[in-house]
Amino acid sequence: MKMTIAVLLLSAVAAGYAGAAEQTAQQQKMTLCNKQAGEKALKGDDRKAFMSNCLKKDAKVEGMTPQQMKMKTCNADAGQKELKGEARKTFMSSCLKKS
């Protein structure tokens, strides 16, 4: 059980470094749920129950749908790249189309 949690955490961290814009909506949700569980210092069965509820298809993370999370991530990436005008529009379109 501890190994499974460790693998999930390492996967989430690795996925975070791989670039949030390249993550699927479910991967983004996993990353955010893991972050929230860590901030709440949840362990064992409490963490498992929290993660299960957080990752349910209809559950919203921090009040956001998966599409809203994707929009937020793409917008942040465009801001970091200091994109403006047509370049930003093209980037956002491409980023939001990624699954």
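Residues numbered from 1 in each chain as written. Predicted model: local features only at pLDDT ≥ 70, side-chain atom pairs only at ≥ 80, totals over all residues. Heavy atoms only, no water.

1. As for the confidence of the model for the protein chain
Item 1. Taken residue by residue, the protein chain gives an average pLDDT of 76. The fraction at 70 or more is 69%.
Item 2. Mean pLDDT across the secondary structure elements of the protein chain bottoms out at helix α1 (residues 2-18), with 58, and peaks at helix α5 (residues 85-97), with 91. (pLDDT = per-residue confidence, 0-100. Helix = DSSP H or I, 4+ residues; strand = E, 2+ residues; numbered from the N terminus.)

2. Here's the deal with helix α4 (residues 66-80)
An α-helical turn contains 3.6 residues, so any two residues separated by three or four positions project in the same direction.
Item 1. For α4, which comprises 15 residues, the first-to-last C-alpha distance of 21 Å matches the rise-based estimate of 21 Å (1.5 Å per residue) to within 8%.
Item 2. Those residues of α4 that sit buried are M69, K70, T73, C74, D77 and A78. Down the axis of α4, the smallest arc covering the buried residues is 170°, so these residues share one side.
Item 3. Buried residues in α4 make contact with α2 (25-39) and α5.
Item 4. Backbone geometry just after α4 places E82 at a positive phi near 55°. (Expected span 1.5 Å × (residues − 1). Buried < 20%, exposed > 50% of the residue type's maximum accessible area, 1.4 Å probe, protein only. Arc of directions from axis to C-beta. Contact = heavy atoms within 4.5 Å.)

3. So, the packing of α2 against helix α3 (residues 44-55)
Item 1. Remark: α2 packs on α3, axes separated minimally by 10 Å, with the N-to-C direction vectors making an angle of 145°. Like other packed secondary-structure pairs, α2 and α3 cross with a definite hand, here right-handed. Contacts between α2 and α3 involve Q26, K29, M30, C33, N34, Q36, A37 and G38 from the first element and R47, F50, M51, C54 and L55 from the second.
Item 2. Class assignment of the residues belonging to the contact of α2 with α3 gives a composition of seven nonpolar, four polar and two charged. (Axes fitted to C-alpha atoms, helices over the stretch in contact; angles between N-to-C directions. Left-handed = near helix turned anticlockwise from the far one by under 90°. Nonpolar A, V, L, I, M, F, W, Y, C, P; charged D, E, K, R; others polar.)

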